[in-house]
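What follows is each chain in one-letter form.
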Amino acid sequence: MKLDLYFGRKFFTIFAGISGVFFLLMLLIDLVEQISRFSASGVSLTDIFELTLLNTPEGLYSIMPLIMILSTITLFLGLARSSELVVVRASGRSALRSLLSPLIVAATIGTLTVAMFNPIVAATSKRYNELFEAYQSGSANAFSISKEGLWLRQGGKDGQTVIRAARANPEGTTFYDVTFLSYSADGGPMRRIEAEWAVLGNGQWTLTHAKVWPLNPQLNPEGAAETFAEMTLPSSLTQERIRDSFGLPSSISIWNLPSYIAQLEEAGFSARRHAVWLQMELARPMFLMAMVLIASAFTMRHTRSGRTGIAVLASIMLGFSLYYIRNFAQILGENGQIPIMLAAWAPPSASVLLALGLLLHMEDG
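Residues numbered from 1 in each chain as written. Predicted model: local features only at pLDDT ≥ 70, side-chain atom pairs only at ≥ 80, totals over all residues. Heavy atoms only, no water.

Caption draft 1: Layout of the overall build of the protein chain. If you tally the helices and strands in the protein chain, you get 12 helices and seven strands. Considering the protein chain as a whole, with its 365 residues, one finds that 44% of them fall into the buried category. Within the protein chain, residue pairs in contact and separated by at least 24 positions form 63% of the contacts whose partners lie at least 6 positions apart. Element-wise, carbon and sulfur atoms account for 62% of the exposed surface of the protein chain, whose accessible area totals about 18400 Å². (Helix = DSSP H or I, 4+ residues; strand = E, 2+ residues; numbered from the N terminus. Buried < 20%, exposed > 50% of the residue type's maximum accessible area, 1.4 Å probe, protein only. Contact = heavy atoms within 4.5 Å. Areas by Shrake-Rupley, 256 points an atom, 1.4 Å probe, with all protein chains shown as cover.)

Now the structure itself:
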């Protein structure tokens, strides 16, 4: 038990140290990139640093498998150089038994990452996208889904417009039972428009069967209302912006994803991308455990055996290959080429089985 605690504590310490190093490196790289991007926009250095802090957790979250591989390699190379692995094997303990505590630590880290770090990354990435849009274009567009329907906000020099729709088509270009509420630059309401449907395209909204109420205190809104069979309104929104607004599952906490998926499907959008992301996040602890097994299969041997560099390179390359296979399966799942559960759980399951096969083949204890 003491030996297991020793291995587990040592592995966690190495993982925390490597994570801290990568966080600082990514922070500095992203800071330089943000400064070069907003240096001519008049954005202060404090705001740029805030953007960098908000963007770095998402990058660290995405490279968690690489950090897990490097931590495992560092652990077992250190144990091999100090001959601790030799002593452990001489005492009759097999390599698979020595892997138990690092695997438990990896599973715990993966579970805590999904349960606690995922909501933090979702909140920071969402805030980063809002600030980035505001600094880059001078106005923030917003998109949200609730039980009342879809809510959008588009900005411009003349003011803001809040848009509500009951539902939309899967492409996000046609909205039904739409209400436009326009505000002037000083914040006061200007007019209200209701239409049976609105089509977005070529930088404008095309409204069908629309009714316009001017919201002027000196006028009777109903008496001054006008009806149009078809009318157009300028728009700063595009189909890509709308789809990106609700199409980034990483900006939604895993705890809110099931209800968000239900709301998307109720609103008429395809929620397959979010469903695939949810299952892949649930499978993340297994994939991190697979990375530990892959790295240990090549490094759980004495350094006097030679070819340590080749073994380290082979473990990293195999880990990268499995990571890209996982991403490829995610794309296939999002496009509907394979079932969602197969896209999410097949790569980590196959990675674990492959790693166990390598361990059993290479283990001579």
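Caption draft 2: Focus on unusual backbone geometry. In this structure, N202 is a non-glycine residue whose phi angle is positive, near 55°. With respect to the helices and strands, N202 occurs in the loop between β5 (189–201) and β6 (204–214). With a phi close to 55°, H209 is a non-glycine residue in the positive phi region. Counting through the fold element by element, H209 comes out in strand β6.

Caption draft 3: Quick peek at the environment of L51. The residue L51 is located in helix α2 (residues 45–62) in this model. Classification of L51 by relative accessible area gives buried; the value is 0%. In the structure, L51 is positioned 78 residues away from N129 in sequence and 9.0 Å away in space, judged by C-alpha atoms. Beyond its immediate chain neighbours, meaning those up to four positions away, L51 contacts D30, Q34, F38, Y128, L131, F132 and Y135.

Caption draft 4: Just a nonpolar patch on the surface, in detail. Among the surface-exposed residues, L96, L353, L356 and L360 lie close enough to one another that they form a single nonpolar patch of about 380 Å² accessible area. The element that contributes the greatest number of residues to the nonpolar patch is helix α12 (residues 340–362), accounting for three residues. Here L356 lies in helix α12. (Patch = residues over 30% accessible without salt bridge, like charges linked within 9 Å, V, L, I, M, F, W, Y side chains within 5 Å. Salt bridge = Lys/Arg side-chain N within 4 Å of Asp/Glu carboxyl O.)

Caption draft 5: Quick peek at the pairing of β6. Bridge analysis of β5 against β6 gives 10 bridges, and the strand direction is antiparallel. In the strand pairing of β6, I193 is matched with V212. Note that β6 and strand β7 (residues 226–234) share eight bridges and pair antiparallel. Within β7, the position partnered with A210 by the bridge is F228. (Pairing = 2+ DSSP bridges.)

Caption draft 6: Representation of the environment of S98 in the model. Its location among the elements puts S98 in helix α5 (residues 95–98). Distance in space between the C-alpha atoms of S98 and M300 is 9.8 Å, their sequence separation being 202 residues. Those residues in contact with S98 that sit more than four places away from it in its chain are F7, V88, R93 and M300.

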